[in-house]
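Coordinate analysis (summary)
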Amino acid sequence: MARVAVIQLVGPWSDPDAVRARTVALLEEAARRGAELAVLPELCTVSYDLGGRQEVWAVAESLEGPSVVAWVAVARRWGLFVVAGLPERAGDRLYNTAVLVGPEGVRGVYRKAHLYGQEREVFDRGDEGFGVWDLPVGRVAALLCYDLRFAEAVRILLLRGVHLLCVPTTWTDQGKPQPWDDRGWCGANYLAAGHAYGNRMWVACADRAGQDGRVRALGCSAVFAPTGYAAVGPAPPDAEAILVADCDLRAVEEMRQAAGADLVADRRPELYGELVGQRR
């Protein structure tokens, strides 16, 4: 059993040092609650009201920068693993990145493959594929926000044996006449729940909340079980939150091989060529 936390942040994001300090305080609180792995939102050190590439470049960091250094220090103090989103400078490239850190330092890096809207004018597209990291708690991977709409990416992670999918995200009200339904769920909650059920994996989504410049974030951070049900959350739409769930990560392997429903063996790859541009 692994205890997983999702951390929902609220603004303002005008002071990167203050935001970084707040992430540290919230990570420590999650650790005090027994979390072994914690997820922070996408691009959590900066406003999602992005401006242009130069504006984001000015506040972006390398993987040796102050945010990663601070998160590693927390991980080392508490024996914690952290998945967090940040704008990453790598040479002359600028990525929307999720970094995995642990007590010994950086354990993994994922650069967003599917850029959404204005992100395409700011960031370079990640072309390194979908990494999987073996941790003491289980096999873990990360996708970022819009990536979750691409079932191909999630299915690749199933085939690689992922137990827990971490999703640092920025769910906003852009293009959504009804951002939340009557039960307080946003559309992306149902998407994440469907992936959890359809792939028999845990899905932990950490969003920001409230107004962020010209952008309104939806909150609704949650952890979804392989049954498709919410283990914890969704969080409120406009408040800071730490949600903690106990996740039996190892049990997903047995669930994927249930009698009469083997999610890997029952696949028909010869019928799926169109998904990758191939024709039968």
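Residues numbered from 1 in each chain as written. Predicted model: local features only at pLDDT ≥ 70, side-chain atom pairs only at ≥ 80, totals over all residues. Heavy atoms only, no water.

1. Focus on the environment of D134
Convention followed: Per the convention used, a helix needs a DSSP run of H or I reaching at least four residues, while a strand needs a run of E reaching at least two, with both numbered from the N terminus. Three labels apply to residues, based on accessible area from a 1.4 Å probe with only protein chains included: buried if under 20% of the type maximum, exposed if over 50%, partly exposed otherwise in between. In protein, a polar contact means a hydrogen-donor-capable atom and an acceptor-capable atom, both N or O and within 3.5 Å, with residues adjacent in sequence counting only if both atoms are side-chain atoms; elsewhere, any N or O pair within 3.5 Å suffices.
With respect to the secondary-structure elements, D134 resides in strand β6 (residues 133-135). With a relative accessible area of 46%, D134 lands in the partly exposed category. Note: C-alpha distance between D134 and A196 (62 residues apart in sequence) is 19 Å. Here R139 takes part through its side chain, which lies 2.7 Å from a polar atom of the side chain of D134.

2. Description of unusual backbone geometry
That bond from G11 to P12 is cis: its omega, 5 degrees, falls within 30 degrees of zero. Within the fold, P12 resides in the loop between β1 (2-10) and α1 (16-32). In this structure, the amide linkage connecting G233 to the following residue, P234, adopts the cis form with an omega of 0 degrees. Even without being a glycine, L43 presents a positive backbone phi close to 45 degrees. Position of L43 relative to the elements: it lies in the loop between β2 (37-39) and α2 (53-59).

3. Some remarks on the sheet that holds strand β13 (residues 230-232)
Applicable threshold: One requirement defines pairing of two strands: DSSP has to find at least two bridges between them. A fitted line through C-alpha atoms represents every axis, and for helices the fit uses only the stretch in contact; the resulting angles, taken between N-to-C directions, go from 0 to 180 degrees. Only heavy atoms enter the contact rule, under which two residues are in contact if any of them lie within 4.5 Å.
In space, the 6 strands of this open sheet follow the order β6-β7-β8-β9-β12-β13, with mixed pairing throughout. At either margin of the open sheet sits one strand with a lone partner, and together these are β6 and β13. Pairs of neighbouring strands in the sheet enclose a mean axial angle of 30 degrees, with direction left out of account. Docked against the sheet, helix α6 (residues 187-199) engages β9 (202-206) and β12 (222-224), running at close to 30 degrees with respect to β12.

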